[in-house]
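An overview of the molecular structure
Each chain is listed here by its residues.
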Amino acid sequence: MSIGIYVCLSVERRPWKGRLDMRVTKAQAEQNRAHIVATAARLFRERGYDGVGVAELMAAAGFTHGGFYKHFRSKADLMAEASASGLSQIAARTEGLDPAEFVEGYVSREHRDGRSDGCTIAALSGDAARQPADIKTEFAAGIENLLTALQAPSDTPGEGDQDQRAARAMVIDMLAHSIGAVMLSRACPDDSPLADEILDVCRKEILASLAHGSGDQSAAPSPEA
């Protein structure tokens, strides 16, 4: 004779008090996004927009590839945001410097060799020229902000539009020559004598041009004369 025994165990489900809440808060998500943007800005400056893919970029930021699309619709969106971030950084670092101080630091071996931490304009202008309009728009805004940071507000009462345009033209000329010098130097081998010569010659000429321009402005007669 067989006897069937059925045992019913009732288990009360209780939450584990030590369980971690895996949900990402809004604040943490914003921090993660900002970290991805900063990482992208650095890698893009170092390798160019096409030199690093999404998977490698996310790995460098410490996240999985799949997490990318929780923050950005596409790589192009990240490129635009990273560009804006990098451009705002160079404008902020320039704030308070006079043009000569800017040139001394910008047209230098340290800046040339520090691609990942350097100026986004010098690092990515060539790439940006082949990108969609939204990235070009970010560059235009960033360049304008940098020009504003470099052009000190006039403290001369009654200064006319012509004087303001002349001052702006001088800053544009200085900035274009400075950026071009860094780009030409980077195009040469790192240990090339020409790479250093380009920086030395351009820095000297730009500073001389700035000094000459300042002298012309100081020698100009005042409106009351």
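The structure under discussion appears in the preceding block.
This text gives an overview of the structure that appears in the document. Fair warning: this is a prediction, and the values are worked out from it, not measured in the lab.

This next bit is on the overall build of the chain. What the chain contains, in helices and strands, is nine helices and zero strands. In sequence order, the secondary structure elements of the chain are arranged as α-α-α-α-α-α-α-α-α. For the chain, with 225 residues in total, the buried portion stands at 32%. Once local pairs closer than 6 in sequence are excluded, the contacts in the chain between residues at least 24 apart make up 71%.

Our next topic: the packing of helix α6 (residues 120-128) against helix α8 (residues 161-187). Closest axis-to-axis distance for the α6/α8 pair is 9 Å, and the angle between their directions is 70°. The angle between α6 and α8 falls in the class roughly perpendicular. Between α6 and α8, the residues in contact are Ile121, Ala122, Ala123 and Gly126 and Ile179, Val182, Met183 and Arg186, respectively. Taken together, the residues of the contact of α6 with α8 sort by class into six nonpolar, one polar and one charged.

Okay, the nonpolar core next. Within the largest apolar cluster, 43 residues are counted, with the highest numbers of intra-cluster contacts made by Phe44, Leu57, Leu78, Phe102, Tyr106 and Met174. Elements supplying a minimum of two residues to this core: α1 (26-47), α2 (54-61), α3 (75-94), α4 (99-106), α6, α7 (133-150), α8 and α9 (193-219). In this view, Phe44 contacts Tyr49, Val52, Leu57, Lys75, Leu78, Met79, Ala82 and Leu124; residues no more than four positions away in its chain are not counted.

Orientation of α6 relative to α7, taken along the N-to-C sense of each, is 150°, at an axis distance of 11 Å. Accordingly, the angle class assigned to the pair α6 and α7 is roughly antiparallel. Between α6 and α7 lies a crossing whose hand is left-handed. Taken together, the residues of α7 that come into contact with α6 (itself represented by Thr120, Ile121, Leu124, Ser125 and Ala128) are Ile135, Lys136, Phe139, Ile143 and Leu146.

Let us look at the packing of aromatic side chains. Taken as a whole and assessed by the stated rule, the structure comprises four aromatic pairs. With a centroid separation of 4.9 Å and 85° between ring planes, the pair formed by Phe68 and Tyr69 is classed as edge-to-face. Arranged with centres 5.3 Å apart and planes meeting at 35°, the rings of Phe68 and Phe72 form a pair that is tilted. Within the aromatic cluster, the residues linked to one another by ring pairs are Phe68, Tyr69 and Phe72.

Here Val171 shows up in helix α8. Judged by its relative accessible area of 3%, Val171 is buried. The residues contacting Val171, other than those within four sequence positions of it, are Leu147, Leu150 and Gln151.

In this structure the tally under the stated criterion is 10 salt bridges. For the salt bridge of Asp77 with Arg73, the shortest nitrogen-to-oxygen distance reads 2.9 Å. Arg73 gets classed as exposed once you look at its relative accessible area, which sits at 71%. Note that Arg130 is salt-bridged to Asp127, the shortest N-O span being 3.6 Å. Taking the relative accessible area as the measure of exposure, Arg130 reaches 65% and is therefore exposed.

What counts, and where the lines are drawn
- Residues numbered from 1 in each chain as written.
- Predicted model: local features only at pLDDT ≥ 70, side-chain atom pairs only at ≥ 80, totals over all residues.
- Heavy atoms only, no water.
- Helix = DSSP H or I, 4+ residues; strand = E, 2+ residues; numbered from the N terminus.
- Buried < 20%, exposed > 50% of the residue type's maximum accessible area, 1.4 Å probe, protein only.
- Contact = heavy atoms within 4.5 Å.
- Axes fitted to C-alpha atoms, helices over the stretch in contact; angles between N-to-C directions.
- Parallel < 35°, antiparallel > 145°, perpendicular 65-115°, else oblique.
- Nonpolar A, V, L, I, M, F, W, Y, C, P; charged D, E, K, R; others polar.
- Core = buried A, V, L, I, M, F, W, Y, C linked by side-chain atoms within 4.5 Å.
- Left-handed = near helix turned anticlockwise from the far one by under 90°.
- Phe/Tyr/Trp six-rings, centres within 6.5 Å; stacked < 30°, edge-to-face > 60°.
- Salt bridge = Lys/Arg side-chain N within 4 Å of Asp/Glu carboxyl O.

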